Amino acid sequence: MKTKMIALTLSVMMAGGSVLYAQRHIGHAKTANGKLASKPADEFNVFLRTFLADCFFDVNFNSLLANNDKRLAKYIDSQMDVRRYGSPGALVMLYARKDNFGFHEYTDYTFKVKGGKGWKVKGMPQDWEITGEEQPDAITGLPVIYYKPTTDIPEEMVDMENLITRPVELPYPKAKIMVAYLPQYFNGEYTGPRAFYFIKTPSGWKLAFVYDSLFSA
């Protein structure tokens, strides 16, 4: 038992403390009797908590994305990169890095979502759909971060005049996809969820798309 505990401690230290931070600041998986679970609830839950600790809480995600920050770069696949859906008008467009992800003069590069133990990260039933009217956690008052598996990536607009879209191609067409709904803020005010799509690549889960206009079009 001592050998296992030492190995676990070393692995966390070698990972730069991200997992430890995630456990301390986003909560722990618990068993039915309320005790800390010896194993994570599931693989993606642990990955997502680590991603949140590195790239979402106490930093500005838009800034990390626009500046190709190294903290975010390790979550991006070189064959796939990351793209962002945004709505400059009535239509949602898909933007790549060369388009500066569709960011503009009003993009918020400064606001930081404060981390803490109050944030809940939960898998959602497959038949649930995010509406933007989800209730916050009854105890903390914070939005709940939900995630679930999906088989669909939103199509991209290719003809705005005739409203023609086409499927988005991926280098890993048979890979598993998870979508997580993270809170979005403007001028410090919560405005609803934004969707983060993660793809299971040969080197692990990677961020592929950020959908910032779930209910704007």
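Residues numbered from 1 in each chain as written. Predicted model: local features only at pLDDT ≥ 70, side-chain atom pairs only at ≥ 80, totals over all residues. Heavy atoms only, no water.

Draft legend 1. Representation of the pairing of strand β9 (residues 204–211) within the structure. Along β9, eight of the eight residues are buried, which leaves the element largely enclosed by surrounding structure. In this structure, strand β8 (residues 189–201) lies alongside β9, joined through seven bridges in antiparallel fashion. In the sheet register, phenylalanine 196 faces β9, and the bridge partner there is valine 210. (Buried < 20%, exposed > 50% of the residue type's maximum accessible area, 1.4 Å probe, protein only. Helix = DSSP H or I, 4+ residues; strand = E, 2+ residues; numbered from the N terminus. Pairing = 2+ DSSP bridges.)

Draft legend 2. Molecular detail of the environment of arginine 71. Structurally, the position occupied by arginine 71 is in helix α5 (residues 70–73). Between the C-alpha atom of arginine 71 and that of aspartate 54, which follows or precedes it by 17 residues, the distance is 6.5 Å. Setting aside anything within four residues of it in sequence, one finds arginine 71 in contact with Asp54, Cys55, Val59 and Leu64. (Contact = heavy atoms within 4.5 Å.)

Draft legend 3. Seen up close, unusual backbone geometry. In this structure, asparagine 100 takes a positive phi of about 55° despite not being glycine. Structurally, asparagine 100 is set in the loop between β2 (93–95) and β3 (121–123). On the basis of relative accessibility, which here comes to 33%, the residue asparagine 100 falls in the partly exposed class.

Draft legend 4. Fine view of the sheet that holds β2. Judged by pairing direction, the sheet is mixed, and its seven strands sit side by side in the order β2-β1-β9-β8-β7-β4-β3 without closing on themselves. In this open sheet, the two strands that pair with only one neighbour each are β2 and β3. Along the sheet, successive strands turn relative to each other by an average axial angle of 30°, direction set aside. Bridge analysis of β3 against strand β4 (residues 145–150) gives three bridges, and the strand direction is parallel. Counted as the bridge partner of valine 121 is isoleucine 145 from β4. Across the face of the sheet, helix α3 (residues 43–55) comes into contact with β3, β4, β7 (177–186), β8 and β9 while running at roughly 125° to β8. (Axes fitted to C-alpha atoms, helices over the stretch in contact; angles between N-to-C directions.)

Draft legend 5. Summary view of α3. For α3, built from 13 residues, the straight-helix expectation of 18 Å at 1.5 Å per residue is met to within 8% by its first-to-last C-alpha distance of 18 Å. Burial of α3 is extensive: eleven of the 13 residues sit out of reach of the surface. Phe44, Asn45, Phe47, Leu48, Arg49, Thr50, Phe51, Leu52, Ala53, Asp54 and Cys55 are the residues of α3 that are buried. In this structure aspartate 42 caps α3, since a side-chain oxygen of it lies 3.1 Å from the backbone nitrogen of phenylalanine 44. (Expected span 1.5 Å × (residues − 1). Polar contact = N/O pair within 3.5 Å; in protein donor to acceptor, adjacent residues only side chain to side chain.)

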